[in-house]
Structures are given as structure tokens and as C-alpha cells.
Amino acid sequence: MSYGNHLAFDRDGRIGIITLDNAKGFNLVGSDFLYELEEIQKEILNDHNLAGIMINANGENFSAGIDLKFLQSVSSQFIMDNLVWLQNLYSFWQELPIPVIAAINGLCYGSATELILGCDIRIAAENAKFSLPEVRFGLSPDMGGTTRLTHLVGIGQAKRLIMGCEEIDAEEALRIGLVEILVKKEALNERAMKLAHKMADFPPAGIRFAKKGINLANESSVQTGLLFEQSQSTFCCGTEDLREAVTAFLEKRKPVFTGR
């Protein structure tokens, strides 16, 4: 279902599919794009049957990033009034308790790179190219770019990409850890959907706590992470789904999970 001129949202079973859908405009990020994204996120939160999200794009490019006409109209007052909301739009993927996979082809610049940084797994086609050119325009990434990229690839690579405005190809993105999987262009969406459906079939509590635990470990001390593991294990070992998973494995049958 189209949400306007920029995004579409469909479902494949229990997987929600967000498609950047304005290929003629290079899937640029502007105010309409962001408002449409917010509406889709509201729908995701209200759909408790969803077990995964895949973000992809129509056309030859994922997104060329921010619409410079939109950037031209932005003032300091606008940023003070709206930046927390804008950051939350991209943080949404990291906080969502189900897996979020980005399937990236062609150009993935600026704000588009910040968008995928909030996702759990990034799969790139061989033709993908990445760049964070904000410094060239007199500012720095402000929707998670300096924060999440540094966590993901390390301080040196983050400085090279952000301060140097260097473009990298898909192979280099894989090498430095910006993406996790590299595939041929024609296999991109199939690979992303296969992984999304695989994770959707796992017990919901296992996925939810695994995601929370990994995110927490990336942002805190070892002791904090271990304490979280103690809490989640106590909860999970009391669920019906854990017993069903073990029983089904021993009985060599497909498990049926209820989320309890």
C-alpha cells in the first residue's frame, strides 16, 4: 500500500516490507518522506502479528540521501523544534522488538546511510555505494550517523567516512563492518526475505531479548550486560515457547510457538 509519493508498505506473511518508492527522485529524504515513514511506523506498532521488517527500494538506487531543497529550508529553530522527533524516526528500528533488515542497492548516501545504521542487519547488493557527505555541506550527520557508525565500524573508519566524505563500495562496506552480507543484485531481496522469514519463525521472546541484549552490550559495561542476561534467562526459562522448542526438537517435528 502506498503512503504517498515516497514510501510503500506491504506484507509477506508476518514480514512487513517498507519500500522506498520514488525512484525517479532517487528516493530522496525530505519532509514528506519523513511524515510517511512516521505513519508506517505507527501501523507497525499496531500490528502485533508482524515478526520482522524488511526495508528495500524500487529503482537503481536505495536513496541518494537528503533532499537539498529541504535542507536549504531548514533553520536552527526548526532543528531545535524537530531534531528529537527526526532522530526517533531512525532510532525506531533499533528499539523495535522484532528484526529489521535493510536490503541496499545502488546509492546509499547521507540520511539513507543513517537510516540503515538503525537496522539490525544490512544486506548490500554488489552495486551498492555508501557515503556520508554532510560535512561537505557544512554540517555533521545528526540522525545517528556519528553515534551508530562509530559503534559499528570503529572510530577511525567513522572519521574517515564522515570527516573525509569518502564513498565506499559494497565490498569495502563488508570489510569494515558497515554491512553484514554481500550478494548479487538480483539476489538481494530474496536473501533479505529468506533471513527475515527464518527469524520470524523463532520464539518471539528469544528474538526480542537477543536484540535487546546485543544492543545493551554495545552501549554499556560487561557487568550490565551480564545482569541483563540473568534477567532475560530467568524470564525465558519460564515460557511455554522454550518448552515447546525443546520438545519439538526431541520429537523431530516443527514447533508451534504462541509467544507465551
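Cut-offs and rules
- Residues numbered from 1 in each chain as written.
- Predicted model: local features only at pLDDT ≥ 70, side-chain atom pairs only at ≥ 80, totals over all residues.
- Heavy atoms only, no water.
- Patch = residues over 30% accessible without salt bridge, like charges linked within 9 Å, V, L, I, M, F, W, Y side chains within 5 Å.
- Areas by Shrake-Rupley, 256 points an atom, 1.4 Å probe, with all protein chains shown as cover.
- Salt bridge = Lys/Arg side-chain N within 4 Å of Asp/Glu carboxyl O.
- Helix = DSSP H or I, 4+ residues; strand = E, 2+ residues; numbered from the N terminus.
- Buried < 20%, exposed > 50% of the residue type's maximum accessible area, 1.4 Å probe, protein only.
- Pairing = 2+ DSSP bridges.
- Axes fitted to C-alpha atoms, helices over the stretch in contact; angles between N-to-C directions.
- Core = buried A, V, L, I, M, F, W, Y, C linked by side-chain atoms within 4.5 Å.
- Contact = heavy atoms within 4.5 Å.
- Parallel < 35°, antiparallel > 145°, perpendicular 65-115°, else oblique.
- Expected span 1.5 Å × (residues − 1).

Visitor: Sorry if this is basic, but what is going on with a nonpolar patch on the surface here?
Guide: Judged by side-chain polarity, Leu242, Val246, Phe249 and Leu250 come together as a nonpolar surface patch covering roughly 440 Å² of accessible area. By secondary structure assignment, the location of Phe249 is in helix H11 (residues 240–250). With relative accessibility at 67%, the residue Phe249 sits in the exposed group.

Visitor: So what exactly am I meant to see when it comes to the pattern of salt bridges here?
Guide: As a working rule, side chains carrying opposite charge can pair if their charged atoms are close by. Enumeration according to the criterion identifies 12 salt bridges in this entry. Between Glu43 and Arg11 there is a salt bridge, with its nearest N and O atoms 2.8 Å apart. Remark: Arg11 occurs in strand E1 (residues 7–12) and Glu43 occurs in helix H1 (residues 31–46); sequence separation between them is 32 residues. A residue is classified by how much of its surface remains accessible, and Glu43, at 22% relative accessible area, is partly exposed. When the shortest N-O distance is used, the salt bridge between Arg253 and Glu251 registers 2.7 Å. Judged by its relative accessible area of 34%, Arg253 falls in the partly exposed class. In the salt-bridge network here, residues are joined through shared partners; they are Arg160, Glu166, Glu172 and Arg175.

Visitor: I keep staring at the sheet that holds E1 and nothing clicks. Help me out?
Guide: Sheets are built from strands that pair by backbone hydrogen bonding, the pairs being arranged parallel or antiparallel. Taken together, the 6 strands give an open sheet; going across it, the order is E1-E2-E3-E4-E6-E9, and neighbouring strands pair in mixed fashion. Of all the strands in the sheet, just E1 and strand E9 (181–183) have a single pairing partner and so form its edges. Here the average twist between neighbouring strands, direction ignored, is 20°. As judged from the 3 bridges shared by strand E3 (residues 52–57) and strand E4 (residues 100–104), these two strands associate in the parallel manner. Considered in E4, the bridge of Ile53 is made with Val100.

Visitor: I would appreciate a short explanation of the sheet that holds strand E7 (residues 129–131) in the present structure.
Guide: Sheet architecture is open: 3 strands sit in the order E5-E7-E8, paired in mixed fashion. Each edge of the sheet is formed by a strand with only one pairing partner; in this case those strands are strand E5 (107–109) and strand E8 (168–169). Pairing of E7 with E8 involves 2 bridges; the strand directions are antiparallel. Within E8, the residue paired with Lys129 across the bridge is Asp169.

Visitor: Explain the pairing of E4 to me, please; I cannot follow it from the model alone.
Guide: Looking down a regular strand, the side chains alternate between one sheet face and the other. Counting buried positions along E4 gives 5 out of 5 residues, so the element sits mostly inside the fold. Burial along E4 is two-sided: the face carrying Val100, Ala102 and Ile104 and the face carrying Ile101 and Ala103 are both buried. Pairing analysis gives 4 bridges linking E4 to strand E6 (residues 121–125), with the strands arranged parallel. In the strand pairing of E6, Ala103 is matched with Ile123.

Visitor: What should I look at first to understand the nonpolar core in this one?
Guide: One recurring pattern in soluble globular proteins: nonpolar side chains tend to sit buried together. Ranked by internal contacts, the top residues of the largest apolar core, which has 49 residues, are Ile44, Ile53, Phe62, Trp93, Phe130 and Leu178. Looking at which element gives the most residues to this core, the answer is helix H3 (residues 76–95), with 6 residues. Ignoring any residue separated from it by four or fewer positions in sequence, one finds Leu178 in contact with Leu117, Arg122, Phe130, Leu149, Leu152, Val153, Ile168 and Ala173. Residues Ala51, Ala125, Ala196 and Ile207 belong to the second largest nonpolar core, which totals 19 residues.

Visitor: Could you clarify how one ought to interpret the packing of helix H9 (residues 204–219) against helix H10 (residues 222–236) in this entry?
Guide: The description of two packed helices rests on the angle between their axes and on the distance between the axes. The N-to-C vectors of H9 and H10 enclose an angle of 170°; their axes lie 10 Å apart at closest approach. One way to sum up the angle between H9 and H10 is to call them roughly antiparallel. Residues Ala205, Arg208, Phe209, Lys212, Gly213 and Leu216 of H9 lie in contact with H10, whose contacting residues are Thr224, Gly225, Phe228, Gln232, Phe235 and Cys236.

Visitor: Would you mind showing me how to read H9 here?
Guide: It helps to recall that an α-helix has 3.6 residues per turn; residues three or four apart then point in one direction. For H9, which comprises 16 residues, the first-to-last C-alpha distance of 23 Å matches the rise-based estimate of 22 Å (1.5 Å per residue) to within 8%. Inspection of H9 places Ala205, Ile207, Phe209, Lys211, Gly213 and Asn215 among the buried residues, and these make up the whole buried set.

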